[in-house]
Amino acid sequence: MRDVRSFLEQGTEVVLGGICYEILGLEGYGASSAVYLARYRDSLMENSWHQVLLKELFPLTRTGEICRGRDGKCIVVEKQAGEFFSIHERSFMRGTQIQLELLLKDPGLISGNLNSYRAGGTIYSVLPWQGGSTLEEELDAGNIRSLLQAVSVLKNVLECLEVFHSHGYLYLDISPDNCLLLPSGEERKALLIDYNSIWKSEEILEHPPECFSRKRGYSAPEVMLKNLRSVGRHSDMYSVCAVFYRILTGTILGQEQMQDVKSLKKEIGDSALLDGEMPSVRSKVYGIITKGLKLSTARRYQSTGELRADLDELMLRIEGRGVTHEALWDISRRKCLQLAARKEKKRFPLDYRIESSSREKLTAGQFWERVLSENSAALLEGEGGSGKSTMLLDFWEASTREYNRDRPVVWFLPLYRYQEARGRASSFIKDSLLEYLKPDGKVNGAKEACEGLMEVLEKKDQIFLILDGLDEVREGKRELIREISLFRQKRGVRILISGRNLSGCSCYSIRPLSICQMKEILNDSGLFIPSDTGMQELLRNPMMLDMYLEICKKGENGVVCDIQDDKEKLIRKYLECLVREWEADGWRMNYLLWHVLPMAALEMKRKSRLFINSDEFYKIAEKSMKLIKEKDFALAFPEYMGKAGQVMEGINSQAEWADCIILGLNDRLALLSGDRDGSFHIAHEVYLDFLSERAQENLKKYLKRRRKARTGRYIVILGMVIGFGAAGFALFMKLSYPVTVEERARLKNCAGQMEILCGRLDTMLYEEEKVLEMADDDGLLSGDEKRYQNFEKNVQRAVEKAGMYSKDDSDDIRSAEIFSETGAGFDAARILSFYREPGEHFVFMKQTMEQLLDMMEPGSRYTPDRRREAVGAYKEYLEAYKEVIYWKIAAVEADFPGDYGQEIYEWIAHSNSFGSVFISKKTEEDRKQMEIKQTAAEVQLKECMAQMQRCGFVL
């Protein structure tokens, strides 16, 4: 709306309560009022002046129905705007009343108000002039120059906001223009200076506010939508975090950032205020803003105290707090408490039976005493679900209850995170310690912090590292073992590893439960031991027994006969019991458990790890959101027919659906756990095989339904040509090709050739993607020499492997001719072009990888930001390239008659590079539509190539 108001001019005199105020200038204005700098003479000393602020009620209207009178002073309100003016008048007076009330209670944190008057057809408030400037003015002037300064401002705003909240008020109008920063040294005091939108929670519901301030980019979604039942303190917390976002990025929060976490993270990551900060600081900043700006009100900060605690923690990370034995213990304690809050309560106490390599039987207490006294590293073995991780976590929790300077700090490190290390695999343990440590004021930067840590670890009995899950490390295990060996040489380090087959360690193993132990646990739960010996053997595994107890607790004791000794049946029944607890959201929870979680498990299986990163998680969220709405899905899984609305009820965006997945699979079922870096890992490896197999079954059903749909179309075609005699028969024979055994064999051979060709290309792209994941590492981007050397080796390895797959002994032209000889009408030029794709892409890959190495080399002219931009451009190019290849495959598949090409799509669904494209694309579009899609993809690919060139690649 264009502002047509005419404000008081400099030199205008306004008489209020017998005092003449001279206007010195306009200080600021909003939708309901204007604020002027003014002065008046001292009553005793005529040559002395008092400076104040005058706040004038002057609501903004579309066409000027409320305007300045001809005398340049009075406010004129036309008849049709009378009610509108009255609403703002009541709001103005109510805000002033609350201001005066709070001023009496806490004058130090509430801006002053000297008096209020009616004059010139409106209302004025006389406010003390305290100097200073608004946060908006400070940001425009570029005066917030450090992250520490920004956090200090926010803490001062929270201190002021706490006054409102402690007296039951919601402020609901927090924005940079309403935050006044007073000139009081480096830590500038903050005041909130507009009171027209302040309400009590109960008043909002009983008497919906007539005047409600809504500011795009600052007001919470529930405020913008006037969803009064959802408005609360969390709404103010949202606005504070939106102000933090503005300080960091220099821009107002937009719709894209509100709905897309990836976009939000990118904008924050590009902030100049984060330059030079350690990764732990960046992680905390990202965590604060993403939590504060959650669309779900329940997942935001709920109070000023909660947000202040995280800001205090951020300040500690920025300033540092020492690399000492005490600091190690403090961090370990905090990490343990965070884990304990999420840990499920055990259904039965467990007396662990441990055996040494010499067959000596030990209790848990004897085992820990032995391990802590040994100089060599120890290895703890045991089958999956035997309780290794639980035992290690129990010891960690017990060891962090009280601080003991004479005992080593117990530090628990799950190794499933190892494969997240990317380019820093050779320093995973060291980096994991540094990630949490807060160096003291003498230490500046990662290098000094690392040196400080190594110095501490040379002192006796400093840290006991528990490395859990060596078997979960699928790639790069040799580098991890080498680092473990280096840490074993440190005088202050003791190490325990859970896993199998590691030489040079004292070996121990957890034995299965004895029959007596199992019987006692079952009896304590009022159950008898199963008579089936196979079932007894299965239940000697603590995890299987735990599942069995949960099933029986739900009143399904009769499942024993059905399960017998089948581990998969027991897991399935257990998961069914879990989801049954949430009957109110039955269809949604069922879809999350039996379709979304298996997608995640299959992605983990493909990538040979127990977690998915944030990008992979959001791709799965996107895929699953589209899939539930598809007709083919409902026909493949009839139980969901007509249930898509219930599954997606209340979900309006992909971001909301992602939050819903986290709520269901993390908060409720505890089967998928989120980590601080945005990745998600499965609760236990025992679920992975079962759920990934479930995903395969789901996929087969879905593809079978797709094939049926295609067969139906051929039947329609047959019906259409029956009436055309010999010509119709000839047409039908063409459509029903192949007929002979030889023809079918040729088509199967062609489909197999395509799969091999796609497989070669898939492997090359997968190697390329892995390199780019390694490249996106803060240490490497900052020019770390060791990480660069490691990166260089990985690039060489990837190029060599891709080179092997780019070559084929067969003649491209002859291979393409095989397709033509089938008589199925394949496009020979298209086939030949596709056969040459691996070789052509390898030339591109080799060239760009060499250039990427030059960019990453320490001492090159490329800054960390330019390197990051180049890596990002390369990643976007690969995504666009995969899209082009996808439509090329689709075009070839469309030439296959019947279902002979369907195997190609089944392969795509299980590929590393194209799995994320599968399902989200319609594979049965007509040829014209395919050509349009391919052309659009090729245009996008050219744009991505141009972006790579702008980033410094010579292509």
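Please read all numbers here as calculations on a predicted model, not as lab measurements.

**Remarks on the packing of helix H19 (residues 542-553) against helix H21 (residues 567-580)**
Remark: H19 packs on H21, axes separated minimally by 9 Å, with the N-to-C direction vectors making an angle of 45°. In terms of orientation, H19 lies oblique with respect to H21. In this structure, H19 meets H21 at a crossing whose hand is left-handed. Together, Met 544, Met 547, Tyr 548, Glu 550 and Ile 551 of H19 and Lys 567, Leu 570, Ile 571, Lys 573, Tyr 574 and Cys 577 of H21 make up the contact between the two elements. In terms of residue class, the contact of H19 with H21 is made up of 8 nonpolar, no polar and 3 charged.

**Here we look at the nonpolar core**
By size, the foremost hydrophobic cluster in this structure holds 93 residues, and its most contacted members are Leu 575, Trp 657 and Tyr 687. With 11 residues, the single largest contributor to this core is helix H22 (residues 586-607). Non-local contacts of Trp 657, meaning those with residues more than four positions away in its chain, are made with Arg 588, Tyr 591, Leu 592, Val 596, Ala 621, Ser 624, Met 625, Val 647, Met 648 and Ile 651. Counting 65 residues, the second largest nonpolar core, distinct from the first, contains Ile 174, Ala 242, Tyr 245 and Met 258.

**Concerning helix H26 (residues 654-668)**
In an α-helix, one full turn covers 3.6 residues, which means residues spaced three or four apart are oriented alike. Along its 15 residues, H26 runs 20 Å from first to last C-alpha, staying within 8% of the 21 Å computed at 1.5 Å per residue. Turning to H26, its buried residues number three or more, namely Ala 655, Trp 657, Ala 658, Asp 659, Cys 660, Ile 661, Ile 662, Gly 664, Leu 665 and Asn 666. In this fold, the buried residues of H26 make contact with helix H7 (255-259), H22, helix H23 (614-627), helix H25 (644-647), strand S22 (672-674) and strand S23 (680-682). Just past H26, the residue Ala 670 takes up positive phi, approximately 55°.

**Overview of the pattern of salt bridges**
Following the criterion strictly, the structure yields 37 salt bridges and no others. The shortest N-O distance in the salt bridge between Glu 83 and Arg 90 comes to 3.5 Å. A salt bridge links Lys 215 to Asp 177; the nearest nitrogen and oxygen atoms lie 3.2 Å apart. Residue Lys 215 is located in the loop between helix H4 (201-206) and helix H5 (221-224), and its partner Asp 177 is located in the loop between strand S10 (169-170) and strand S11 (179-181); the two are separated by 38 residues in the primary sequence.

**Here we look at the pairing of strand S3 (residues 33-41)**
Summarising burial for S3: 7 of the 9 residues are buried, a large majority. The sheet contact formed by strand S2 (residues 19-29) and S3 spans 6 bridges and is antiparallel. In the sheet register, Glu 22 faces S3, and the bridge partner there is Arg 39. Remark: 3 residues form the turn of the hairpin made by S2 and S3, two consecutive strands paired antiparallel. Pairing of S3 with strand S4 (residues 49-57) involves 9 bridges; the strand directions are antiparallel. Its bridge partner being in S4, Arg 41 is matched across the sheet by Trp 49.

**Describing the sheet that holds strand S21 (residues 611-612)**
Sheet architecture is open: 3 strands sit in the order S21-S23-S22, paired in antiparallel fashion. Both outer strands of the open sheet, S21 and S22, are each paired with one neighbouring strand and no more. Bridge count between S21 and S23: 2 bridges; the pairing is antiparallel. Following the sheet pairing, Ile 612 is matched in S23 by Phe 680.

**What to know about the confidence of the model for the protein**
Averaged over every residue, the pLDDT of the protein is 82; residues scoring 70 or more account for 85%. Confidence, expressed as mean pLDDT per element, reaches its minimum in the protein at helix H28 (residues 725-735) with 45 and its maximum at helix H6 (residues 233-249) with 94. In this model residues 728-737 is a low-confidence stretch, pLDDT under 50, and it forms 13 contacts with partners more than four residues away in sequence or in other chains. Long-range and interchain partners of residues 918-924, a stretch whose pLDDT sits below 50, account for 27 contacts in this model, where long-range means more than four residues apart.

**Quick look at empty space enclosed by the protein**
Evaluated as defined, the whole model comprises 5 cavities of 30 Å³ or more. Contributing to the lining of the second largest cavity are Lys 55, Phe 92, Gly 95, Thr 96, Gln 99, Asn 113, Ser 125, Leu 127, Ile 193, Tyr 195 and Asn 196. Of all the elements in the fold, those that place two or more residues in the lining of the second largest cavity are helix H1 (82-105) and strand S8 (122-128). Sorting elements by how many residues they give to the lining of the second largest cavity places H1 first, with 4 residues. Of the residues contributing to the lining of the second largest cavity, the split by class is 4 nonpolar, 6 polar and 1 charged.

**Re the environment of Arg 474**
For Arg 474, the position within the fold is in the loop between strand S18 (463-468) and helix H16 (477-488). A relative accessible area of 36% places Arg 474 in the partly exposed class. Along the chain, Arg 474 and Arg 609 lie 135 residues apart, while their C-alpha atoms are 6.5 Å from each other.

Calculation criteria
Residues numbered from 1 in each chain as written. Predicted model: local features only at pLDDT ≥ 70, side-chain atom pairs only at ≥ 80, totals over all residues. Heavy atoms only, no water. Axes fitted to C-alpha atoms, helices over the stretch in contact; angles between N-to-C directions. Helix = DSSP H or I, 4+ residues; strand = E, 2+ residues; numbered from the N terminus. Parallel < 35°, antiparallel > 145°, perpendicular 65-115°, else oblique. Left-handed = near helix turned anticlockwise from the far one by under 90°. Contact = heavy atoms within 4.5 Å. Nonpolar A, V, L, I, M, F, W, Y, C, P; charged D, E, K, R; others polar. Core = buried A, V, L, I, M, F, W, Y, C linked by side-chain atoms within 4.5 Å. Buried < 20%, exposed > 50% of the residue type's maximum accessible area, 1.4 Å probe, protein only. Expected span 1.5 Å × (residues − 1). Salt bridge = Lys/Arg side-chain N within 4 Å of Asp/Glu carboxyl O. Pairing = 2+ DSSP bridges. pLDDT = per-residue confidence, 0-100. 1 Å grid on protein atoms, 1.4 Å probe; cavity = no way out; pocket = protein on both sides within 12 Å on 5 of 7 lines; lining within 4 Å. Points joined across faces, edges and corners; volume = space filled by probe spheres on them.

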